Amino acid sequence: MAEKIRGESVVAFSFFVFFLAFFFFAYWICKCCQKIGKEREEFVMEMYFKLSELTKLEQQMYYNCIYLFLMEANIQHPEFSAWYSGLFTDELRLKSEYEIVICEKEYEIAGVTILKSTKEEAKICTVYVAEQYRHNGLGRRLMELSLEWLENEKPVMMLDKSKESDFASILKHFGFVFQEEDCGLHNPGKVELIYNGKN
């Protein structure tokens, strides 16, 4: 009887050890998959590029995609549609004095900056990041690439005053200096803040 009990105890203990080992192995596999998945997502699913680097056909395709992405800006600035179309030639290729830096995440546009560089000025015309992708470093990376293309650490940038708190952290990080306020320059009745120089 005692030997039978001992045998059952050994079997039960062996089963417990096996179950415990299987549980930790499964947990380890799960963690490894999560890590690999996260690294793959960061490597594959987030991509930064410049519109000017794309082919003619690709630029034509992105013309409408970027415009639709910037619908919020279009609503805030009545003349945005005309201004945006003016960035491109009749063949919908980006003009040489402009650049659009794009971030795609999970196969959709997550953020863009529109830049202007001439002998007279270096300017960040537009910065926009989709709400679901904010506060994770995406906007900061877009700014880094923008300054790199402009070859200027203090380009002019104008900002709707209502958005001041949204940009406070990134402006401080890059050392942008507030210059002055202007009312109705691009949007009647709206106060705009000018950084790093006069428009």
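About the criteria used
Residues numbered from 1 in each chain as written. Predicted model: local features only at pLDDT ≥ 70, side-chain atom pairs only at ≥ 80, totals over all residues. Heavy atoms only, no water. Phe/Tyr/Trp six-rings, centres within 6.5 Å; stacked < 30°, edge-to-face > 60°. Helix = DSSP H or I, 4+ residues; strand = E, 2+ residues; numbered from the N terminus. Buried < 20%, exposed > 50% of the residue type's maximum accessible area, 1.4 Å probe, protein only. pLDDT = per-residue confidence, 0-100. Contact = heavy atoms within 4.5 Å. Salt bridge = Lys/Arg side-chain N within 4 Å of Asp/Glu carboxyl O. Expected span 1.5 Å × (residues − 1). Core = buried A, V, L, I, M, F, W, Y, C linked by side-chain atoms within 4.5 Å. Polar contact = N/O pair within 3.5 Å; in protein donor to acceptor, adjacent residues only side chain to side chain. Bend = angle between axes of the 7 residues up to and from the residue. Pairing = 2+ DSSP bridges. Axes fitted to C-alpha atoms, helices over the stretch in contact; angles between N-to-C directions.

Visitor: What is the right way to look at the packing of aromatic side chains in this model?
Guide: In this description, an aromatic ring pair is defined by two values, namely the gap between the centres and the angle between the planes. One pass over the structure, following the stated rule, counts 10 aromatic pairs. Summarising the aromatic geometry, the rings of Tyr67 and Tyr84 are spaced 5.6 Å apart at their centres and angled 45° between planes, so their arrangement reads as tilted. Pair noted here: Tyr67 is in helix H2 (residues 56-69) and Tyr84 is in helix H4 (residues 80-85), with a separation of 17 residues, a long-range link. Among the residues examined, Tyr84 registers a relative accessible area of 1% and is labelled buried. Here the aromatic residues Tyr63, Tyr67, Phe80, Trp83, Tyr84 and Phe88 are joined through ring pairs into a cluster of three or more.

Visitor: Help me understand the confidence of the model for the protein, please; the structure alone is not making it clear to me.
Guide: Close inspection of predicted coordinates is inappropriate for parts of the model with low pLDDT. Looking at the protein as a whole, the pLDDT averages 81, with 72% of positions reaching at least 70. Predicted confidence for residues 25-44 stays below pLDDT 50, and this span has four contacts to residues more than four positions away or in other chains.

Visitor: Looking at this structure, how should I read the pattern of salt bridges?
Guide: Counting across every chain of the model gives five salt bridges. Here Lys105 ties to Glu46 by a salt bridge, and the two come within 2.9 Å at their closest N and O atoms. Within this pair, whereas Lys105 is found in strand E2 (residues 98-105), its partner Glu46 is found in strand E1 (residues 46-50), the two being separated by 59 residues in sequence. Here Lys105 falls in the buried class, since its relative accessible area comes to 12%. We note a salt bridge from Lys56 to Glu91, for which the minimum N-O separation is 3.8 Å.

Visitor: Looking at this model, I keep getting lost on helix H5 (residues 138-150). Mind explaining?
Guide: Turn by turn, an α-helix covers 3.6 residues, leaving residues three or four places apart pointing in a common direction. With 13 residues, H5 extends 18 Å from end C-alpha to end C-alpha; this agrees with the ideal 18 Å at 1.5 Å per step. Turning to H5, its buried residues are Leu138, Gly139, Leu142, Met143, Leu145, Ser146, Leu147 and Leu150. In this structure, the buried residues of H5 make contact with E1, E2, strand E3 (108-117), strand E4 (122-129), strand E5 (156-160) and helix H6 (164-173). In the stretch just after H5, Glu151 is the one whose phi turns positive, near 55°.

Visitor: Where do I start with the nonpolar core in this structure?
Guide: The nonpolar side chains of a soluble globular protein tend to be buried with one another. Residues Leu51, Ile66, Tyr84, Ile100, Ile102, Ile124 and Phe176 are the most contacted members of the largest nonpolar core, which totals 46 residues. Looking at this core, the element that brings in the most residues is H5, giving six residues.

Visitor: Explanation requested: the side chain of Thr113 in the structure shown.
Guide: Inspection of the secondary structure assignment puts Thr113 in strand E3. Here Ser146 takes part through its side chain, which lies 2.8 Å from a polar atom of the side chain of Thr113. Ignoring anything within four residues of it in the chain, the contact list for Thr113 reads Glu99, Ile100, Val101, Thr126, Val127, Leu142 and Ser146.

Visitor: Would you take a moment to explain H2 for this structure?
Guide: Taking 1.5 Å of rise per residue, 14 residues should cover 20 Å, and H2 covers 20 Å from first to last C-alpha, within 8% of that figure. The sharpest bend along H2 comes to roughly 30°, located at Tyr62. Turning to H2, its buried residues number three or more, namely Gln59, Tyr62, Tyr63, Ile66, Tyr67 and Phe69.

Visitor: Quick question: what am I supposed to make of the pairing of E2 here?
Guide: Every regular strand shows the same layout, with side chains that alternate between the two sheet faces. Of all eight residues that make up E2, eight are buried, and the element is covered over most of its length. Because side chains alternate across E2, one face comprises the buried residues Tyr98, Ile100, Ile102 and Glu104, and the other comprises Glu99, Val101, Cys103 and Lys105, equally buried. Direction of pairing for E1 relative to E2: antiparallel, over a ladder of five bridges. Paired with Phe49 across the bridge in E2 is Ile102.

Visitor: Would you take a moment to explain the sheet that holds E1 for this structure?
Guide: Two orientations exist for strands paired in a sheet by backbone hydrogen bonds: parallel and antiparallel. With respect to topology, seven strands assemble into an open sheet ordered E1-E2-E3-E4-E5-E7-E6, the strand pairing being mixed. In the strand order of this sheet, the two ends are held by E1 and strand E6 (178-183), each with one partner. For this sheet, the mean angle separating the axes of adjacent strands, direction not counted, is 20°. This element, H2, spans E1, E2, E3 and E4 of the sheet and lies at about 100° to E3. Strand contacts of H6: E4, E5 and strand E7 (191-195), with the helix running at about 150° to E5, the strand carrying the most contacts.

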